[in-house]
Amino acid sequence: MVRTKAGSDDIVVFAGSGLGSKNIAEDITKILELRLSKLHTHLFPDREIRVRIPVKDVEGKHVLYVQSTAPKRENIWKAPQSQSLVELFLTLDAFKEKGAKTVDVVVPYLTGARQHKEFKKGESVSTRTIAKILRNLGIFRLFTVDVHSHRRPGFFFLGRTRNFGGVKGYNITAAKALASYIKDNLETRSPVVVIPDKGHVPIADEIREIIVPDEIVFMKKKRLGGENVRFKLLGELDLKGKDVVIFDDMISTGRTLVGASRLARKRGATTVLVAVTHTLYVKRAREQLLGSGVDRIVATDTIPKEDSVVPIAPIIAESLKKILF
Ligand code: R5P
């Protein structure tokens, strides 16, 4: 594999039109002192996409392409995740066709990451399909943030890589940065950290390095449908007078964290903070969370929303530096 050098004129960064991509690409470019170039994405009236890249900025270069795949508007049918994914594939193909030496892709929010296995026989497996397409396009490295499952073997591992079908997925976690923000900016007295998904055990280790928690507890969650989640928990745990911080990878409908927060309040928690990487905020998820006992939501800007106080670019740049240069 060809290796690239930091600061070299041979590296060119591009951003897709996916929500938040431009800002993250600009910040990564500044931090790593790289060159940012522009491409043109056109949306036809029927919402078909065409991408045009500047050939002279691509030929013989190492390309770093940043494209996040969150829905762009409240009405996801007008700009669904899948549109950003198609744009990503079209652009990557154009880079390869126009002679880029290498192409690496950064997808701060990766749609499809939750369907990383066949939950029921016969289901499509989104991450597998994405990996197959990337491999066929000649893309070998994908950097993303807090993809759904950190524990089970799959395409992505926390802090490690797994080579699947020739595509390496680097799963970068924002857990430490979220924990640092809470420690530095919010008053929490040795909080009880609640993790509503047993699959996120490695996240607990990251958090432990920053916050000294009173205790870290896991909930047992059962999803009964897209918007229906049931919890079993926490033994006899008494949260009376405690500050509680709930960590998760994302808020979609908010069902998971509404349930977790209600439970924490029921057990006597004085304050409930929620720390998440991706805020999709489907429908009225944010309002529902704030109405269910959550005092504050702290999130990264992988999907820029009102609670995005932790910038993701420095965390991604740190990983790129270690791996690419
Ligand atoms: C899945 O298990 C994830 O860790 C999140 O908890 C989940 O995707 C959040 O979805 P929602 O906000 O719809 O409950």
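Located above this text is the structure these notes cover.
Residues numbered from 1 in each chain as written. Predicted model: local features only at pLDDT ≥ 70, side-chain atom pairs only at ≥ 80, totals over all residues. Heavy atoms only, no water.

Ranked by size, the top nonpolar core spans 27 residues in total, and within it Y65, L92, F95 and L134 carry the most contacts. Listing elements by their share of this core, those giving two or more residues are strand 1 (11-15), strand 4 (49-52), strand 5 (62-66), helix 2 (81-97), strand 6 (102-107) and helix 3 (126-137). With 5 residues, the single largest contributor to this core is helix 2. (Core = buried A, V, L, I, M, F, W, Y, C linked by side-chain atoms within 4.5 Å. Buried < 20%, exposed > 50% of the residue type's maximum accessible area, 1.4 Å probe, protein only. Helix = DSSP H or I, 4+ residues; strand = E, 2+ residues; numbered from the N terminus.)

Turning our attention to the pattern of salt bridges. Applying the stated criterion across every chain yields a total of 9 salt bridges. A salt bridge links R35 to D57; the nearest nitrogen and oxygen atoms lie 3.6 Å apart. Taken together, the residues span a long stretch of sequence, with R35 in strand 2 (residues 35-36) and D57 in the loop between strand 4 and strand 5 at a distance of 22 residues. Its relative accessible area of 10% is what places D57 among the buried residues. In this structure, K322 engages E318 in a salt bridge whose closest nitrogen and oxygen atoms are separated by 3.8 Å. (Salt bridge = Lys/Arg side-chain N within 4 Å of Asp/Glu carboxyl O.)

Moving on to the site of the ligand. Around the ligand, 15 residues are found, and the nearest of them are D248, D249, T253, G254 and T256. Within the backbone of G254, one N or O atom sits 2.7 Å away from an oxygen atom of the ligand. Residue R255 places a main-chain N or O atom 3.5 Å away from an oxygen atom belonging to the ligand. Across the shell around the ligand, the residue classes tally to 2 nonpolar, 6 polar and 7 charged. (Near = heavy atom within 4 Å. Polar contact = N/O pair within 3.5 Å; in protein donor to acceptor, adjacent residues only side chain to side chain. Nonpolar A, V, L, I, M, F, W, Y, C, P; charged D, E, K, R; others polar.)

Glancing now at the environment of I53. Mapping I53 onto the fold places it in the loop between strand 4 and strand 5. Once residues lying within four places of it in the same chain are set aside, the contact partners of I53 are L39, V58, T91, A94, F95 and K98. (Contact = heavy atoms within 4.5 Å.)

We now examine the side chain of N171. For N171, the position within the fold is in strand 10 (residues 167-172). Here D146 takes part through its backbone nitrogen, which lies 3.0 Å from a polar atom of the side chain of N171. Among the polar contacts made by the side chain of N171, one reaches the main-chain amide nitrogen of V147 at a distance of 3.0 Å.

The subject of this paragraph is the sheet that holds strand 17 (residues 296-300). Pairing is parallel in the open sheet, where 6 strands are placed in the order 12-11-15-16-17-18. In this open sheet, the two edge strands, each paired with only one partner strand, are strand 12 (215-218) and strand 18 (308-310). Adjacent strand axes in the sheet meet at a mean angle of 30° when their direction is disregarded. Pairing of strand 15 (residues 243-251) with strand 16 (residues 271-279), which is carried by 8 bridges, proceeds in the parallel orientation. Pairing of V244 across the sheet is with V272, part of strand 16. Its contacts with the sheet place helix 6 (residues 255-266) against strand 15 and strand 16, and it is angled at close to 170° to strand 15. (Pairing = 2+ DSSP bridges. Axes fitted to C-alpha atoms, helices over the stretch in contact; angles between N-to-C directions.)

The next subject is the pairing of strand 16. In terms of burial, strand 16 is a largely internal element, 8 of the 9 residues being buried. Where the polypeptide runs from strand 15 across helix 6 and back to strand 16, its parallel neighbour, the crossover connection is right-handed. Where strand 16 and strand 17 come together, 4 bridges link them in parallel fashion. Within strand 17, the residue paired with A275 across the bridge is V298. (Right-handed = clockwise from strand over helix to strand, strands pointing away.)

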